[in-house]
Amino acid sequence: MIMTQREKGFYISTYGCQMNVNDSDRMATLLEMADYSPVQTPEEASLIIINSCSIREKPVHKVYSEVGTFRKLKEKNPNLKIGVGGCVGQQEKEKLIKNQPIIDFVFGTDTIDSLPQILMDLENPPEGRSQKIVRAQFEHRQPYHVETLVTNPGISTFVNITKGCDNFCTFCVVPYTRGREKSRPLKHIMSDVQTLIKRGVKEVTLLGQNVNSYESDCGADLADLMRQLAQQTSIERIRFTTSHPKDFDQKLVDVMYASQPKVCEYIHLPFQSGNSNILERMNRGYTREQYLEKIAMIKKAIPNVVLSTDIIVGFPGETESDFQDTLSLVKEVGFETIFAFKYSPRPNTKAAKFEDQVDEGVKSERLNRLFEMHDEIAFELVKRYEGQTLKVLVEKADTLMEGPTIKLTGRSTQNKLVHFLGAREWVGSTVPVTITKASPAVFRGEVPATFAGGLN
Ligand code: SAH
Ligand code: SF4
Ligand code: F3S
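Residues numbered from 1 in each chain as written. Chains lettered and ligands numbered in written order. Predicted model: local features only at pLDDT ≥ 70, side-chain atom pairs only at ≥ 80, totals over all residues. Heavy atoms only, no water.

**A word on the site of ligand 1**
Filter applied, for reference: For this purpose, a residue is taken to be near a molecule or strand whenever a single non-hydrogen atom of the residue falls within 4 Å of it. Polar contact is defined as a pair of N or O atoms within 3.5 Å, subject to the rule that within protein one atom must be able to donate a hydrogen and the other to accept it, and that residues adjacent in sequence are counted only when both atoms are side-chain atoms. To measure how exposed things are, a 1.4 Å probe is used in the Shrake-Rupley method; for residues, cover is taken only from the protein chains shown. By definition, any uninterrupted DSSP run of H or I lasting at least four residues is a helix, any uninterrupted run of E lasting at least two residues is a strand, and each is numbered from the N terminus. Asp, Glu, Lys and Arg are counted as charged, while Ala, Val, Leu, Ile, Met, Phe, Trp, Tyr, Cys and Pro are counted as nonpolar; the rest, among them Gly, fall into the polar class.
Around ligand 1, 15 residues are found, and the nearest of them are F171, Q209, Q272, D310 and S344. Q209 is positioned such that a nitrogen or oxygen atom in its backbone is 2.7 Å from a nitrogen atom of ligand 1. Contact between ligand 1 and R284: an oxygen atom at 3.3 Å from a side-chain N or O atom of the residue. For ligand 1, whose unbound accessible area comes to 540 Å², protein coverage reaches 91%. For the shell around ligand 1, the secondary structure elements donating two or more residues are β13 (306-313) and β14 (337-342). Classifying every residue of the shell around ligand 1 gives six nonpolar, four polar and five charged.

**Overview of the site of ligand 3**
All residues in the neighbourhood of ligand 3 are listed as C17, N20, C53, S54, I55, C87, R178 and Q209. Across the shell around ligand 3, the residue classes tally to four nonpolar, three polar and one charged.

**Details of the sheet that holds strand β17 (residues 417-422)**
Just so we agree on the cut-off: Only when DSSP finds a minimum of two bridges between them are two strands counted as paired. Axis lines are fitted through C-alpha atoms, for helices just across the contact stretch, and the angle between N-to-C directions can take any value from 0 to 180 degrees.
Reading around the barrel, the five strands line up as β15-β16-β17-β19-β18 and close back on themselves, with mixed pairing between neighbours. On average, each strand axis in the sheet is tilted by 50 degrees relative to the strand beside it, whichever way the strands run. Direction of pairing for strand β18 (residues 430-438) relative to strand β19 (residues 443-446): antiparallel, over a ladder of four bridges. Its bridge partner being in β19, A438 is matched across the sheet by F443.

**A few points about the pattern of salt bridges**
Note the cut-off: Within this document, salt bridges are pairs made up of a side-chain nitrogen of Lys or Arg and a carboxyl oxygen of Asp or Glu, the two lying within 4 Å of each other. The buried label goes to any residue with under 20% of its type's maximum accessible area, the exposed label to any with over 50%, and the partly exposed label to all in between, with areas taken from a 1.4 Å probe on protein chains only.
Applying the stated criterion to the full structure yields 25 salt bridges. Between R281 and D356 there is a salt bridge whose closest N-O contact spans 3.2 Å. Of this pair, R281 sits in helix α10 (residues 276-281) while D356 sits in the loop between β14 and α13 (360-383), placing them 75 residues apart in sequence. For R281, a relative accessible area of 26% puts it in the partly exposed group. A residue is classified by how much of its surface remains accessible, and D356, at 35% relative accessible area, is partly exposed. The partner of R366 in a salt bridge is E318, with the nearest N and O atoms 2.9 Å apart. Note that R366 is positioned in helix α13 and E318 in the loop between β13 and α12 (320-333), a separation of 48 residues in sequence. The pair R366 / E318 is uniform in exposure class, with both members buried. A single network of salt bridges, built from pairs that share partners, joins E318, E320, E365, R366 and R369.

**Examining unusual backbone geometry**
With the exception of glycine, most residues fall at negative phi, and the peptide bonds are largely trans. The amide bond that connects T241 to the next residue, T242, takes the cis arrangement and shows omega of 5 degrees. Topologically, T242 is positioned in the loop between β11 (237-241) and α9 (250-258). The peptide bond linking Q260 to P261 adopts the cis configuration, its omega dihedral lying at 5 degrees. Mapped onto the elements of the fold, P261 is located in the loop between α9 and β12 (266-268). With phi around 70 degrees, Q272 is a residue other than glycine that occupies positive phi space. By the secondary structure assignment, Q272 is in the loop between β12 and α10. Of note in this structure, N348 is not a glycine but carries a positive phi near 75 degrees.

Below you can see the structure in the form of structure tokens.
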């Protein structure tokens, strides 16, 4: 099928973390307010935006190769505008355009709201000025006010509560691509969530690079914010990510426990390495023992808690014995889900200059061993769900199926993706689902016949 370009049709390609996903929603809404409409493929677009990620080298390469494929579209449609936003845009600024002249504009993580203005300036370039635009300065002075902007908020929506990061882990580019840490005022988040509830949202995920260091101008911390959201709004579920072990405290677990079931019993707590010496060189601010103490505190307060984590293998200087410490920590804690990565040297970061870089082959081999070991324990860990009835918030119905019983997808409070059969009207409701098959990635289940709204 030949696609034709649509005037004022935009296509956004999104890489990276939930923050970028949320930022792409914001861009889409701003573009729709400026009379653009979304299209399904880059071929149909008159505007393509790459919302890039720079956390590892791989996604950065992907951005460059994607720009290469869009070059052909631009040859066919010289009016096509191509922009790069996100963390690579923030980091590379004008260098991107110098290397890839087909890019028309670059914007950063703090200049998303100037997107409509950038497009207007591209249409009407000031006399004698270049057609290219770069707007990627950080906004250091203004307070952090960013009302959630989503065209179709859906059942579950992200809400930014902090931006930036001041931790400067020695491997991480985020402090350079997202700038200094700032928190939104509590009262703004409360009214934002109230508005989302009115638009049909049932679950919010509070977002930030280190949500545990959230601090409102009124002095409230993350625990206070979650308690108020649970007590003073009718939101059904509250999640938060990402947590930092050094700032995860007793008050937060106590509020999590007291606010169940609104606050979900799921915590993503990246440990990065199981070896204290490596953790120190990473500047993580905790030791293996302190991490395990936090886990013990969490499990004591919330016995039904489900944990996931992020891990880096092959950090500079990591020996086989250090890596064994990572393997043993995964087993000891019993993470049901892990996200593991080979260390990737990043521009400006301290660890990129460390001399004892680990060989790529060794990194790959360690990553494989970690996943193999985790697969074995994860299948065992999730078996316990078979036969259990979980509360599933239904997010999606199969759009192609018809009839009274169709395929539904939702998440349990433990953040498990569950597929089952049910009625389309259940989308947006929480229904009981008895798990028939549990694998680490996805669960299958069925709604008990006794369920009041059940199918006849
Ligand atoms: N703020 C979060 C992490 C955000 S980045 C935290 O502090 O936990 C998401 C994950 O990417 C990190 O947890 C880490 O595991 C991984 N990561 C970050 N920098 C990396 C690098 N240079 N190489 C490989 N993985 C990296
Ligand atoms: Fe990066 Fe560390 Fe900040 Fe997380 S806490 S974003 S890993 S610097
Ligand atoms: Fe990537 Fe930027 Fe997120 S580097 S992981 S998109 S904060």
